[in-house]
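As a plain string of letters, each chain reads:
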Amino acid sequence: MVSAAVKQQVLELGGAFMISREARAFGETTGVAGFHGAYTRGRGGVLGDVDADVVTAAFGFFEPGCVRAAWESVPMPAADAAVEYMLACRDFGRRKLAAFEQADRLAHLLGRVVDAAPATGLALFAGWRAMPVPEDGRAAVLQLTHVLRELRGGLHLVAVLANGLTPLQAILVAGSPILDGPGQAKFLGWTEPFETVTDDVRVRWDAAEKLTDELIAPCFDVLDDTERAELTTLVLDAHRIALAR
């Protein structure tokens, strides 16, 4: 299943720009120190100038008070923040994928998957999909991988709730590529003490992860078997090149 084969790479590559020098440069233009303000206003900017509760609903896994404080800390209009965040994403792609020669082909395949995916209940995915895609293949690969990441993230939130988990429980089990569960929970604004992760919670999270794979899998059906295999290979190559240590 191609969706399962590339999920870790999509998670890591699609989100890597968020902690990049390009994203930090965007953050400096907001006049607000720290990560959360620029991140929240930039990523959530595609939702428009809405109340912070709307952003909390779309983000799903963040502590609501943290989202409100971050969202309201940046005076930049939401649409402008989204554009600037998008440009940071593109610039990161141009820099980190400079040696990736198959960028145009991967951008084409990713674009077909993204365009064919249903957006019902997935506000962030829909918002980011509506942003214009650049002609530059390297920039497009990063932007479209980010959009695909938003697709999987939205479906994962649905799957977590469907399996009777709270977003915080899911965070405590899964963590992130760079932080363990409690560390990631604190980073997303949640405060200790945290509940003990039981075997039942882990079983439910495994079921949520499986359901996420099942929900996103049909989105790749727009590609034939050969194209799905090609996409898998190219995503792995792009991830390796962009995030090589």
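None of these values were measured; they are calculated from a predicted model.

**Focus on the overall build of the protein**
Turning to step 1, where the next piece is worked out: Along its length, the protein carries 14 helices and zero strands.
Turning to step 2, where the next piece is worked out: In the protein, the succession of α and β elements from N to C terminus is α-α-α-α-α-α-α-α-α-α-α-α-α-α.
Turning to step 3, where the next piece is worked out: In terms of its C-alpha atoms, the protein occupies a principal-axis envelope of roughly 45 × 45 × 35 Å.
Turning to step 4, where the next piece is worked out: Among the 245 residues that make up the protein, the fraction classed as buried is 51%.

**Here's the deal with the side chain of Thr-145**
Turning to step 1, where the next piece is worked out: Within the element layout of this structure, Thr-145 appears in helix H10 (residues 137-162).
Turning to step 2, where the next piece is worked out: Given the relative accessible area of 4%, Thr-145 is considered buried.
Turning to step 3, where the next piece is worked out: A polar contact is formed between the side chain of Thr-145 and the backbone oxygen of Val-141, at a distance of 2.6 Å.
Turning to step 4, where the next piece is worked out: Apart from residues no more than four positions distant in its own chain, Thr-145 is found in contact with Val-10, Leu-13, Gly-14 and Leu-110.

**Quick notes on unusual backbone geometry**
Turning to step 1, where the next piece is worked out: Cis peptide bonds are those with omega within 30 degrees of zero, and the linkage from Glu-192 to Pro-193 qualifies with 5°.
Turning to step 2, where the next piece is worked out: Residue placement: Pro-193 occurs in the loop between helix H12 (181-187) and helix H13 (199-216).

**Considerations on a nonpolar patch on the surface**
Turning to step 1, where the next piece is worked out: On the surface, Ile-19, Ile-178, Leu-179 and Phe-187 cluster together into a nonpolar patch covering about 380 Å² of accessible area.
Turning to step 2, where the next piece is worked out: With respect to the secondary-structure elements, Ile-19 resides in the loop between helix H2 (7-16) and helix H3 (21-30).
Turning to step 3, where the next piece is worked out: The exposed category is assigned to Ile-19, whose relative accessible area is 56%.

**A closer look at the environment of Asp-237**
Turning to step 1, where the next piece is worked out: Here Asp-237 lies in helix H14 (residues 225-242).
Turning to step 2, where the next piece is worked out: When the C-alpha positions of Asp-237 and Glu-101 are compared, they lie 10.0 Å apart, and in sequence the two are 136 residues distant.

**Observations concerning H14**
Turning to step 1, where the next piece is worked out: The end-to-end C-alpha distance of H14, which contains 18 residues, comes to 26 Å, matching closely the 26 Å that a straight helix rising 1.5 Å per residue would cover.
Turning to step 2, where the next piece is worked out: Buried within H14 are the following residues: Glu-227, Leu-231, Thr-232, Leu-234, Val-235, Ala-238, His-239 and Ala-242.
Turning to step 3, where the next piece is worked out: Buried positions along H14 lie against helix H1 (2-5), H2, helix H7 (78-96) and helix H8 (103-116).

Definitions and cut-offs
Along every chain, residues carry numbers that run from 1 in the direction the sequence is written. The predicted origin of the model limits local features to residues at a pLDDT of at least 70 and limits the giving and counting of side-chain atom pairs to 80 or more, whereas totals for whole chains, interfaces and linings rest on all residues. Side-chain numbers here rest on the full set of heavy atoms in the structure, without hydrogens or water. Runs of E in the DSSP output that reach at least two residues are strands. Runs of H or I that reach at least four are helices, and both are numbered from the N terminus. For each residue, the accessible area found with a 1.4 Å probe, counting protein chains only, is set against the maximum for its type, and the residue is called buried under 20%, exposed over 50%, and partly exposed in between. Polar contact is defined as a pair of N or O atoms within 3.5 Å, subject to the rule that within protein one atom must be able to donate a hydrogen and the other to accept it, and that residues adjacent in sequence are counted only when both atoms are side-chain atoms. Between two residues, a contact is recorded if the distance between any of their heavy atoms is within 4.5 Å. Patch membership requires over 30% relative accessible area and the absence of a salt bridge. Like charges are linked within 9 Å, and nonpolar side chains (Val, Leu, Ile, Met, Phe, Trp, Tyr) within 5 Å. In these tables, accessible area is a Shrake-Rupley quantity obtained with a 1.4 Å probe, and a residue counts as shielded only by the protein chains included in the view. Salt bridges are defined by distance alone: a side-chain nitrogen of Lys or Arg within 4 Å of a carboxyl oxygen of Asp or Glu. To estimate how far a helix should extend, the number of its residues minus one is multiplied by 1.5 Å.

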